[in-house]
Amino acid sequence: SYLDHVLICCKAGRPKNHVPNLAKIKVVAYYLQKLAAALFNSLHECSERETTDQQYAANVMRMENSYFFTQSIKQRGPELTDLFQKQITAASSICKQSTDAYLGFMIKREFKSLHSLFANISRIRREVGDGDVPIHVPRSTFEKTLSKECNREILKEKIGAIYYRMEKHLSEAGGLLPVAWKALVKVLYEWFGRWEKLSSQCYNFLLEPTASDVVRIAKQAAGISAKKISDEKKRANSNQGKY
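Residues numbered from 1 in each chain as written. Predicted model: local features only at pLDDT ≥ 70, side-chain atom pairs only at ≥ 80, totals over all residues. Heavy atoms only, no water.

Concerning the pattern of salt bridges
- What the rule picks out here adds up to 10 salt bridges.
- Here Lys96 and Asp100 are joined by a salt bridge, their closest N and O atoms 2.9 Å apart. Separated by four residues within a single helix, Lys96 and Asp100 lie in helix α5 (residues 85-110), roughly one turn from each other.
- In this structure, the salt-bridge partner of Arg123 is Glu127, at a minimum N-O distance of 3.4 Å. Here the residue Arg123 and the residue Glu127 both occupy positions in helix α6 (residues 112-128), the gap between them amounting to four residues, near one helical turn.
- Given a relative accessible area of 36%, Arg123 falls into the partly exposed group.
- One salt-bridge network, in which partners are shared between bridges, spans Arg152, Asp213 and Arg216. (Salt bridge = Lys/Arg side-chain N within 4 Å of Asp/Glu carboxyl O. Helix = DSSP H or I, 4+ residues; strand = E, 2+ residues; numbered from the N terminus. Buried < 20%, exposed > 50% of the residue type's maximum accessible area, 1.4 Å probe, protein only.)

Quick look at the structure:
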């Protein structure tokens, strides 16, 4: 790559263990940082285009490119990491913000009824207190929604669907899927933990499965979906070989 070429040039004629301090080579540092700034400006422009889906594709674009930038710089050692420290910090912030938005979208999309139920309960609770929540959202409605949307098999199916979509959205070469999936499981644990608390406080109801159960279900669902995806790829490759 261009950065590797710059490093090779700066090491030319020096001992093998020489580590160039690019940050002190003013001309090199100036133009490399301008190049990095241009990359981030281009990323912002591409993600904001009318042709880019703003519900998830824009965040996927920001996630993958900012993550790739950070990993590409860090794996080349301290000489580049020190030079691009400001840009790495910015890239990490972009990646976190876009990942949070993307995961929130994915969970809300798959758990639409549950999210709407608990968002409504949370709003009512702030306005009237715990005791009056069942007046506005009857217990029968609450339990009916949970029985339909929050049993183990449904959760396994929905979480598996999220993994399947994430695998389609995220590039295998980018290496972001395992990182994003780990973050998603953490978000699921936090959301279901809050929902557990609301269920207990407003209805004296024990939410099942628990937040801890959801983490275990997510791990199981990911394994099933990963196998499904692997089988699909094998079939696709097999079919291509026939022609």
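This is not the end of the story, as more comes after the structure.
Observations concerning the environment of Val185
- Inspection of the secondary structure puts Val185 in helix α10 (residues 177-203).
- Residue Val185 is classed as buried on the basis of its relative accessible area of 11%.
- Put simply, Val185 and Ile217 are 32 residues apart on the chain and 9.8 Å apart in space, counted from C-alpha to C-alpha.

Re the packing of aromatic side chains
- Evaluated as defined, the whole model comprises 12 aromatic pairs.
- On the basis of an interplanar angle of 85° and a centroid distance of 5.9 Å, the ring pair of Phe118 and Phe142 is categorised as edge-to-face. Here Phe142 lies in helix α8 (residues 139-149) and Phe118 lies in helix α6, a separation of 24 residues in the sequence. A single burial state applies to Phe118 and to Phe142, both of which are buried.
- Ring plane angle 10° and centroid distance 5.1 Å describe the contact between Phe118 and Trp195, whose orientation is recorded as stacked. Separated by 77 residues along the polypeptide, Phe118 in helix α6 and Trp195 in helix α10 bring together distant segments of the chain.
- Residue Phe118 is classed as buried on the basis of its relative accessible area of 2%. (Phe/Tyr/Trp six-rings, centres within 6.5 Å; stacked < 30°, edge-to-face > 60°.)

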